[in-house]
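Take a look at the letters that make up each chain.
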Amino acid sequence: MKKPFEEYRGLRRENYVLFFGKVVTSLGSMVWPMTTMILSQKLGMDAGTIAGVLMLVSIVSIPLGLLGGKLADHCSKKKVIVVCDLISVSGYIICAIRKLDLFSMVLFAIAALLQQLESPSYSALVADITYPKDRERAYSLNYLGTNLGMMLAPTIGGLLFKNHLNLAFLINGVSIGSSTLLIWFFLKNTERVSDESSVYEKAMEQSSTWQVLKNNRLILLYILITAIAYAVYCQYSYLMPLDMGIVHGEDGAAIFGTLSSLNCIVVVIFTPLITRYFQKVRECGKMIIGQALVVLGYILFRGNLGTVPLYYVSILLFTWGEIFHTLSTDPYLTRRIPENFRGRIMSVSAAVSALLYALSEPLVGNTYDTLGSRAAWRTVILAGVAGVILTGILDVLDHRRYPDLYH
């Protein structure tokens, strides 16, 4: 019987460089999971104000994401990643050496936004350097690397939250800097591999971005579905810590940190297994499973608020859902769009997700402030159910449009 991590043998050397880059970067990801708690407990903001701040960050990320997609398709993806990383590192280090205030959080937001700016380059680079038959494994490996690095980071961040938050900013900056050096010196061959995976790609090779989307309306439905899934998923780092802060006080940060670490541990254990044993399940099927499990995890969490052991069961369901969804989204897109438009269409998808999240967050925050936690969660869960239904429709339509991909 194959060992779990043998699933990733046989990929190109460059895939492993990007994997280790993800691991090192994620080792320092201690601050972002605690953003809601920093704003609420350190800076005294209420749920509505926090939602407004997160909405503003999301709105700013939209043009940056679109710019990132254009850069990914027209510039060296490696250089885009390195330049963005260097600026991010500077921001995190400045945050570490000054007193925590609103200006520090603005710098932190800029550093985080630059990580989003490089995201289309990173995702498109994985597709470029990977043979079509290996893409799902390659994206799975990068996702695994992110969570392998984050297994301890949120727990350590939760422990540093009370008295040593500046150290968390410093570790974040150092880890991204180390990853930048790794990619700069060891990622040598970034040439796009030959891609014979889709006749649809060749037919649309000369189109503009909007023509590609116009010619394939299913991609528009896919973009809507992933935007809903993203808005629902983000409540993991918004509504969950808000509830924990109210129910458990400052201990909520430590509890949430352990939940985030468990999330990463489950990803590391189960991603290779799900990649292997569900490889015959097509992308839409995995998306349906993933979104349904996320909704079930939320229902269990809210229904047992205050019962800490059941938090961990809910995170187990949530994380299984996250794995299924992550393994399906980028492979779905890269098999159905022209290779020379990957960065731009991925950035359009990310921009729509950011926009929907920006619009939904004030709704959720104001609902939380005025009607309470239960009403806010009900809104999120209904959105998740809508996403599952829409993905079922996408599955039916996708079978009709691309029958050759299902043989």
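Visitor: An account of the overall build of the protein is requested, with residue identities and associated values reported.
Guide: When helices and strands are tallied, the protein shows 17 helices and zero strands. Relative to the 2.2 N^0.38 estimate, which gives 22 Å for 407 residues, the radius of gyration of the protein is 20 Å and therefore close to what a compact globule would have. A burial count over the protein gives 56% of its 407 residues as buried. Of the contacts formed within the protein by residues at least 6 apart in sequence, a portion of 87% connects residues at least 24 apart. Counting only carbon and sulfur atoms, one obtains 67% of the accessible surface of the protein, whose full area is about 16,800 Å². Looking at the protein, you have 35 positive and 28 negative side-chain charges, and the mean spots of the two groups are 2 Å apart.

Visitor: An account of a nonpolar patch on the surface is requested, with residue identities and associated values reported.
Guide: Judged by side-chain polarity, Ile93, Ile97, Leu167, Leu170 and Val174 come together as a nonpolar surface patch covering roughly 430 Å² of accessible area. Per-element accounting of the nonpolar patch gives the leading share, three residues, to helix α8 (residues 165–186). Secondary-structure assignment places Ile93 in helix α4 (residues 77–97). Taking the relative accessible area as the measure of exposure, Ile93 reaches 33% and is therefore partly exposed.

Visitor: Run through the nonpolar core, naming residues and quoting values.
Guide: Formed by 54 residues in total, the largest nonpolar core has its most connected members in Phe169, Tyr238, Leu239, Met240, Met244 and Tyr298. No other element matches helix α5 (residues 102–129), which puts five residues into this core. Non-local contacts of Tyr238, meaning those with residues more than four positions away in its chain, are made with Thr36, Ala47, Ile50, Ala51, Leu54, Glu361, Val364 and Gly365. Core analysis: the second largest hydrophobic core is formed by 30 residues, Val17, Ile129, Ile345 and Leu394 among them.

Visitor: Outline the packing of helix α12 (residues 239–248) against helix α13 (residues 251–277), supporting the account with residue identities and numerical values.
Guide: Running from N to C, α12 and α13 cross one another at 140°; their axes reach a closest spacing of 8 Å. Taken together, the axis directions place α12 and α13 in an arrangement best described as oblique. In this structure, the crossing between α12 and α13 has a hand that is right-handed. Here Met240, Pro241, Met244 and His248 of α12 come into contact with α13, specifically with Asp251, Gly252, Ile255, Phe256 and Leu259.

Visitor: Let's hear about the side chain of Ser261: which residues, and what values?
Guide: In this fold, Ser261 is placed in helix α13. Under the relative-accessibility criterion, Ser261 is labelled buried at 4%. In contact with Ser261, other than residues within four places in its own chain, are Met150, Met151, Leu152, Pro154 and Thr155.

Visitor: Any details on the confidence of the model for the protein? Residues and values, ideally.
Guide: Predicted confidence across the protein gives a mean pLDDT of 84, with 94% of residues reaching 70 or more. The element-level mean pLDDT for the protein is lowest in helix α9 (residues 199–203), coming to 44, with helix α14 (residues 283–303) highest at 95. Here residues 197–204 is a poorly scored stretch, pLDDT under 50, and it has 20 contacts once near neighbours within four places are set aside; other chains count.

Visitor: Just give me the short version of helix α3 (residues 47–74), but keep the residues and values in it.
Guide: Under the 1.5 Å per step criterion, the end-to-end length of α3 is 40 Å for 28 residues, consistent within 8% with the ideal 40 Å. If you look at α3, its biggest bend is around 30°, right at Ile62, and the proline Pro63 turns up within four residues after that.

Visitor: Give me the lowdown on the packing of aromatic side chains, citing residues and values where you can.
Guide: All chains considered together, the criterion is met by 15 aromatic pairs. Taken together, a centroid distance of 4.9 Å and an interplanar angle of 55° make the contact between Tyr298 and Trp377 tilted. A residue pair is termed long-range when its members are at least 10 positions apart, and Tyr298 in helix α14 and Trp377 in helix α17 (residues 373–401) qualify at 79 residues. Owing to a relative accessible area of 0%, Tyr298 belongs among the buried residues under this scheme. Residue Trp377 is classed as buried on the basis of its relative accessible area, which comes to 1%. Ring pairing ties together the aromatic residues Tyr233, Tyr236, Phe256, Tyr298, Phe301, Tyr311, Phe318 and Trp377, which thus form one cluster. One residue, Lys22, lies across the ring of Tyr122, its end atom 4.2 Å from the ring centre. One cation-aromatic arrangement involves Lys42 over Phe161; the distance from NZ or CZ to the ring centre is 4.8 Å.

Visitor: Give a detailed account of the pattern of salt bridges, specifying residues and quantitative values.
Guide: Two side chains carrying opposite charge are able to pair once their charged atoms lie near each other. Under the defined criterion, the tally for this structure stands at seven salt bridges. For Arg12, the salt bridge is made with Glu14, and the minimal N-O distance between the two is 3.8 Å. You'll find Arg12 and Glu14 in the same group, each marked buried. In this structure, Arg336 engages Asp398 in a salt bridge whose closest nitrogen and oxygen atoms are separated by 2.9 Å. Of this pair, Arg336 sits in the loop between α15 (308–334) and α16 (342–371) while Asp398 sits in helix α17, placing them 62 residues apart in sequence. For Arg336, a relative accessible area of 1% corresponds to the buried category. Here Asp398 falls in the buried class, since its relative accessible area comes to 0%. When salt bridges that share partners are traced, they join Glu283, Arg335, Arg336 and Asp398 into one network.

Visitor: Give a detailed account of the packing of helix α1 (residues 13–27) against helix α6 (residues 135–149), specifying residues and quantitative values.
Guide: Relative to each other, α1 and α6 sit at 25°, their axes nearing to 6 Å. Considering the angle they form, α1 stands roughly parallel to α6. Judged by the twist between their axes, the crossing of α1 over α6 is right-handed. Where α1 approaches α6, its residues Asn15, Tyr16, Leu18, Phe19, Lys22, Val23, Ser26 and Leu27 are matched on the opposing element by Ala138, Leu141, Asn142, Leu144, Gly145, Thr146, Leu148 and Gly149.

Here is what the cut-offs are and how they apply
- Residues numbered from 1 in each chain as written.
- Predicted model: local features only at pLDDT ≥ 70, side-chain atom pairs only at ≥ 80, totals over all residues.
- Heavy atoms only, no water.
- Helix = DSSP H or I, 4+ residues; strand = E, 2+ residues; numbered from the N terminus.
- Rg over C-alpha atoms; globule rule 2.2 N^0.38 Å.
- Buried < 20%, exposed > 50% of the residue type's maximum accessible area, 1.4 Å probe, protein only.
- Contact = heavy atoms within 4.5 Å.
- Areas by Shrake-Rupley, 256 points an atom, 1.4 Å probe, with all protein chains shown as cover.
- Lys, Arg positive; Asp, Glu negative; His and termini not counted.
- Charge placed at Lys NZ, Arg CZ, Asp CG, Glu CD.
- Patch = residues over 30% accessible without salt bridge, like charges linked within 9 Å, V, L, I, M, F, W, Y side chains within 5 Å.
- Salt bridge = Lys/Arg side-chain N within 4 Å of Asp/Glu carboxyl O.
- Core = buried A, V, L, I, M, F, W, Y, C linked by side-chain atoms within 4.5 Å.
- Axes fitted to C-alpha atoms, helices over the stretch in contact; angles between N-to-C directions.
- Parallel < 35°, antiparallel > 145°, perpendicular 65-115°, else oblique.
- Left-handed = near helix turned anticlockwise from the far one by under 90°.
- pLDDT = per-residue confidence, 0-100.
- Expected span 1.5 Å × (residues − 1).
- Bend = angle between axes of the 7 residues up to and from the residue.
- Phe/Tyr/Trp six-rings, centres within 6.5 Å; stacked < 30°, edge-to-face > 60°.
- Lys NZ or Arg CZ within 6 Å of the ring centre and 35° of its normal.

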